Amino acid sequence: MLEIKNLHVKLEEEDKVILRGVDLSIGAGEVHAIMGPNGSGKSTLSYVLAGREGYAVTDGSATLDGADMLAMEPENRAAAGLFLAFQYPVEIPGVGNMTFLRTAVNAQRKTRGEPELSAGDFLKIVREKAKTLKIDADMLKRPVNVGFSGGEKKRNEILQMAMLEPRMCILDETDSGLDVDAMKLVSEGVNALRSEGRSFLVITHYQRLLDHIKPDVVHIMAAGRIIKTGGPELALEVENNGYADLLAEAQ
Amino acid sequence: MAQPQAKTDALAARVAGLAVAGSGWLGAARRDAAVRLSAMGLPSRRDEYWRYTDPVSLTQTVVLPAALFETADEAPAFDGIDRLRLVFVDGVFDPAQSDDPTLAGVEITALRAAGTTDIHWARDLYGVLEARGQTPVQRPLATLNTAHATEGLLIRATGRAAKPVDLIYLRKSETSDAMVHHCIKVEAGAELTVLENGPGAARFTKVMEVDVAEGGRFHHVRVQGRDAERRAATHLFARVGANALFKSFTLTANGRLTRNDAVIELAGHDGVAHVAGAAMGDGDFHHDDTVFMTHAAERCESRQVFKKVLKNGAVGVFQGKILVKPGAQKTDGYQISQSLLLDGASQFLAKPELEIYADDVKCSHGSTSGAIDEVALFYLQSRGVPRRVAQSLLVLAFLAEAIAEIDDEAIAEDIRSRLEGWLARHEG
Ligand SMILES: Nc1ncnc2c1ncn2[C@@H]1O[C@H](COP(=O)(O)OP(=O)(O)O)[C@@H](O)[C@H]1O
Ligand SMILES: [Mg+2]
């Protein structure tokens, strides 16, 4: 599904190198987790995949089912099935959450040559999905993420994911700022979307999210590289011993 | 005050050939205005409220030609709204193209026909609010209009108007120089919506005097013509009575030069006055909103909401004042002026002013200038929304507070769709 090869990324405006050769291969239906210390480049990897400006890819490639992600505009990557749940969801004053969702869903359908959803159908689907995430009518009406609590913002990200039905979902610290109940809601939302044709890349600091969303593969990232890859037990090792041993081992 | 000779000469040249006073009450009002005008002279760049906008093309004798504009496939504003259409062509009322001006709750008379009949309410209004609005800031172009306009409508609402009245200003000439003067009276407890749209003339000088009596409600929604080269100076003078409501919204998209003055007096207790504007400018575009809001009674609420989207060197100006007179306690005054600069070449000049002579009041004002939020743009794109659609959404979001000042949802929707059309035509 997602193939990342030898990806090197620096800041466009500065000589700061952030990713120094990332290799990652995620098969259809798989759940991979990336853990790593702050500043190791996890968010940068997710932004570069989603197409945020300000980064320069100096080497390497990233493809989604063979399509070159890095050559596409962000909206086309989304239409091709890529989704990023932001570490810091963006507030958009003046744009209603519902308008935002409908615009996004229909824009993707249009790009893919599918018919737009009718207002009625859209409303029905969004209400149903919002309910399972405990997102009330008021949150749907309010401007996107404006005045939302940390947990509400993260649930709103999952709602967008559920509406857009992407094939490749990247979750960047979706667990940060969530209490136990919210974490459960979010995890259930994610697990409900797990399927053979859909893959996940879960970026997290903590093992506890991975208790809810069980990964097939765990990667450790440090200083812009994946320094170790293993099974779910690798997450436990980090939880118990921290990164120090792994970092030393990699040196 | 004695005028320098040059100023006197300029005025003489400007009024030469314009219509003269005539008889009856209207003639008297025009003569009075002519006297006031000769004491003032025409505005120049040296005047305090013309510092950001050069009035020369509005005051000079020669009208700069404005090419006629192809509106392509865009329907005229308010096309889908059930309304009474009153049509002007290059500033001349054209009954043949207009609907029958019979409307329950409303009396409509052409200014042209008014001089010979004694329409008492109009006699008490024509030039009266305009003259009141000359203090403390002079607005000579309005006085010029009062002195020389022969076209316009006298509209009186005595009940709840059955539908909006739409003043449609068509333009057929590249050099028309039109002066139109309307008087509107909303009687106690009556309600009226007035719409305006169309370019008017190559040069359009307009005055609208609006008197809203106790408990009356007046709504004004205006779309200033898309013609890229037209020039306009408009003046809205309003007096808002006790418990009355006055709301005015203007959309300006294009035009070489637009100066919109709004001079509003909250004269009775518990009155409400809102003025709002959304301006979209691309390239050779200069747009100036100059607002003077006077609180002269207790417990009144005023809002000024002005938003400008500017690109390719367009210039936006906002000069807005809230004056709270002694005794106007419990005043609630709000003013915001904001620009969204879509590039580094465009410019927004703002001059917000507060002058308060009462102690128990709540007044706030703010002015900002900013670029489009790139982070929000990326967030939208990452959800599959194409960049230009995302940009439109963010521009509309920026304008939302101004559009929210339109109470009628169907009219607001018409405005939104025009904005979307403008954005689509002015991409990149
Ligand atoms: N746009 C940016 N401008 C400046 N520095 C950045 C930018 N994006 C990332 N960085 C830097 O790159 C490094 C990696 O950041 P990030 O990808 O956010 O790491 P992580 O998500 O693993 O905490 C950090 O040192 C961060 O400060
Ligand atoms: Mg991060």
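Residues numbered from 1 in each chain as written. Chains lettered and ligands numbered in written order. Predicted model: local features only at pLDDT ≥ 70, side-chain atom pairs only at ≥ 80, totals over all residues. Heavy atoms only, no water.

With respect to the overall build of chain B
Broken down by element type, chain B carries nine helices and 19 strands. On C-alpha atoms alone, chain B measures out to a radius of gyration of 21 Å, which is about the 22 Å that the 2.2 N^0.38 rule sets for 428 residues. Principal-axis analysis of the C-alpha atoms places the extent of chain B at approximately 70 × 50 × 50 Å. Out of the 428 residues in chain B, the part that is buried amounts to 61%. Distance between charge centres in chain B, computed from 47 positive and 56 negative side chains, equals 2 Å. (Helix = DSSP H or I, 4+ residues; strand = E, 2+ residues; numbered from the N terminus. Rg over C-alpha atoms; globule rule 2.2 N^0.38 Å. Buried < 20%, exposed > 50% of the residue type's maximum accessible area, 1.4 Å probe, protein only. Lys, Arg positive; Asp, Glu negative; His and termini not counted. Charge placed at Lys NZ, Arg CZ, Asp CG, Glu CD.)

Regarding the sheet that holds strand 1 (residues 2–11) of chain A
Residue and element names in this part refer to chain A. Reading across the sheet, the four strands line up as 2-1-4-5 and stay open at both edges, with antiparallel pairing between neighbours. A strand with exactly one partner marks an edge of an open sheet, and here the two such strands are strand 2 (17–26) and strand 5 (67–68). Lying on the sheet, helix 1 (residues 42–50) is in contact with strand 1, strand 2 and strand 4 (55–64); it crosses strand 1 at an angle near 105°. (Pairing = 2+ DSSP bridges. Contact = heavy atoms within 4.5 Å. Axes fitted to C-alpha atoms, helices over the stretch in contact; angles between N-to-C directions.)

Description of the nonpolar core
Residue and element names in this part refer to chain B. Core analysis: the biggest nonpolar cluster contains 119 residues, and Phe-249, Met-280 and Ile-415 have the highest contact counts within it. Among the elements that make up this core, the one with the highest residue count is helix 8 (residues 387–403) (ten residues). Other than its neighbours up to four places away in sequence, Met-280 contacts Leu-251, Thr-252, Ala-253, Asn-254, Phe-285, Val-309, Val-395, Leu-399, Leu-419, Trp-422 and Leu-423. Counting 51 residues, the second-largest nonpolar core is a separate cluster that includes Phe-88, Val-106, Phe-306 and Phe-348. (Core = buried A, V, L, I, M, F, W, Y, C linked by side-chain atoms within 4.5 Å.)

Topic: the coordination of the magnesium ion (ligand 2)
Residue and element names in this part refer to chain A. The protein atoms that coordinate the magnesium ion (ligand 2) are Ser-43 (OG) and Gln-87 (OE1), at distances spanning 2.1 to 2.3 Å. Residue Ser-43 is found in helix 1, and its partner Gln-87 is found in the loop between strand 6 (82–85) and strand 7 (92–96); the two are separated by 44 residues along the sequence. In this structure, Ser-43 and Gln-87 share a single accessibility class: buried. (Donors = N, O, S within 2.8 Å, 3.2 Å for Na, K, Ca; no water.)

Side note on the confidence of the model for chain B
Chain-level pLDDT for chain B is 95 on average; 99% of the residues reach the 70-or-more range. Our summary of model confidence lists the complex with pTM equal to 0.90 and ipTM equal to 0.95. (pLDDT = per-residue confidence, 0-100.)

Details of the site of ligand 1
All names here are of chain A. Taken together, Leu-11, Lys-16, Ile-18, Pro-37, Asn-38, Gly-39, Ser-40, Gly-41, Lys-42, Ser-43, Thr-44 and Tyr-55 form the complete shell of residues around ligand 1. Contact with the protein chains removes 63% of the 550 Å² of surface that ligand 1 exposes when unbound. The greatest single-element share of the shell around ligand 1, amounting to three residues, is contributed by helix 1. In terms of residue class, the shell around ligand 1 is built from four nonpolar, six polar and two charged. (Near = heavy atom within 4 Å. Areas by Shrake-Rupley, 256 points an atom, 1.4 Å probe, with all protein chains shown as cover. Nonpolar A, V, L, I, M, F, W, Y, C, P; charged D, E, K, R; others polar.)

Here's the deal with unusual backbone geometry
Along the chain, Thr-135 of chain B connects to Pro-136 of chain B via a cis peptide bond; the corresponding omega equals 0°. Tracing the sequence through the fold places Pro-136 of chain B in the loop between helix 5 (128–132) and helix 6 (140–148). For Glu-165 of chain A, which is not glycine, the phi dihedral falls at a positive 45°. You can see Glu-165 of chain A is positioned in the loop between helix 6 (150–164) and strand 9 (168–172). For Lys-330 of chain B, which is not glycine, the phi dihedral falls at a positive 60°. Looking at where Lys-330 of chain B falls in the secondary structure, it is placed in the loop between strand 16 (315–324) and strand 17 (332–341).

A short note on the packing of aromatic side chains
Counted according to the given criterion, the structure contains eleven aromatic pairs over all chains. Ring centres 5.7 Å apart and planes at 50° place the aromatic pair Phe-86 of chain A and Phe-378 of chain B in the tilted group. Residue Phe-86 of chain A is found in the loop between strand 6 and strand 7, and its partner Phe-378 of chain B is found in helix 7 (residues 374–382); the two belong to separate chains. Residue classification places Phe-86 of chain A among the buried positions, given a relative accessible area of 2%. (Phe/Tyr/Trp six-rings, centres within 6.5 Å; stacked < 30°, edge-to-face > 60°.)

Describing the side chain of Asn-145 of chain A
Residue position: Asn-145 of chain A is located in the loop between strand 8 (143–144) and helix 6. Looking at Asn-145 of chain A, its side chain comes within polar contact range of the main-chain oxygen of Val-90 of chain A, at 2.8 Å. Residues contacting Asn-145 of chain A, with those up to four places away along its chain left out, are Pro-89, Val-90, Glu-91, Lys-153, Asn-156 and Glu-157 of chain A together with Tyr-379 of chain B. (Polar contact = N/O pair within 3.5 Å; in protein donor to acceptor, adjacent residues only side chain to side chain.)

Some thoughts on the sheet that holds strand 12 (residues 225–230) of chain A
Residues and elements named next belong to chain A. In space, the six strands of this open sheet follow the order 6-9-10-3-11-12, with mixed pairing throughout. Two strands in the sheet have a free side with no partner beyond their single neighbour: strand 6 and strand 12. Across the sheet, the axes of successive neighbouring strands diverge by a mean angle of 20°, strand direction being ignored. With five bridges joining them, strand 11 (residues 217–222) and strand 12 adopt antiparallel strand pairing. Bridge pairing in strand 12 links Val-218 to Gly-230.

Some words on the state of the cysteines
Within the structure shown, the criterion is met by zero disulfides over all chains. Unpaired in this structure, Cys-363 of chain B has its nearest cysteine sulfur neighbour in Cys-300 of chain B, at a distance of 11 Å. (Disulfide = S-S within 2.5 Å.)

Structural notes on the pattern of salt bridges
Applying the stated criterion across every chain yields a total of 52 salt bridges over all chains. Residues Arg-112 of chain A and Glu-114 of chain A are paired through a salt bridge, measuring 3.1 Å at the closest nitrogen-oxygen approach. Note on Arg-112 of chain A: relative accessible area 37%, which makes it partly exposed. Across the pair Asp-118 of chain B and Arg-123 of chain B runs a salt bridge whose closest N-O atoms are separated by 3.1 Å. (Salt bridge = Lys/Arg side-chain N within 4 Å of Asp/Glu carboxyl O.)

So, the interface of chain B and chain A
Taken residue by residue, the interface counts 17 residues in chain B and 30 residues in chain A. Taking both sides of the interface into account, the surface hidden between chain B and chain A amounts to around 1900 Å²; carbon and sulfur atoms contribute 69%. On the chain B side of the interface with chain A, the three residues burying the most area are Phe-378, Tyr-379 and Arg-383 of chain B, jointly 43% of the side's total. Residues Glu-53 of chain A and Arg-387 of chain B are paired through a salt bridge, measuring 3.9 Å at the closest nitrogen-oxygen approach. At the junction of chain B with chain A, the criterion picks out nine residue pairs in polar contact (both at pLDDT 80 or more). Among the elements of the structure, helix 7 and helix 8 of chain B are those that each provide at least two residues to the side of chain B that touches chain A. Sorting elements by how many residues they give to the side of chain B that touches chain A places helix 7 of chain B first, with eight residues. Here the side of chain B that touches chain A is composed, by residue class, of eleven nonpolar, three polar and three charged. (Buried area = accessible area lost by both parts, 1.4 Å probe.)

With respect to helix 1 of chain A
Residue and element names in this part refer to chain A. When you tally the buried positions in helix 1, you get nine out of nine residues, the bulk of the element. Looking only at helix 1, the buried set comprises Lys-42, Ser-43, Thr-44, Leu-45, Ser-46, Tyr-47, Val-48, Leu-49 and Ala-50. Count one or two residues on from helix 1 and you reach Gly-51, which has phi positive near 100°.

Remarks on the pairing of strand 4 (residues 153–157) of chain B
Residue and element names in this part refer to chain B. Extensive coverage of strand 4 is indicated by the burial of five of its five residues. Residues Leu-153, Ile-155 and Ala-157 line one face of strand 4 and the alternating positions Leu-154 and Arg-156 line the opposite face, and both faces are buried. Note: strand 4 against strand 6 (residues 177–186), four bridges, orientation parallel. The residue bridging Ile-155 from the neighbouring strand is Ile-184, located in strand 6.

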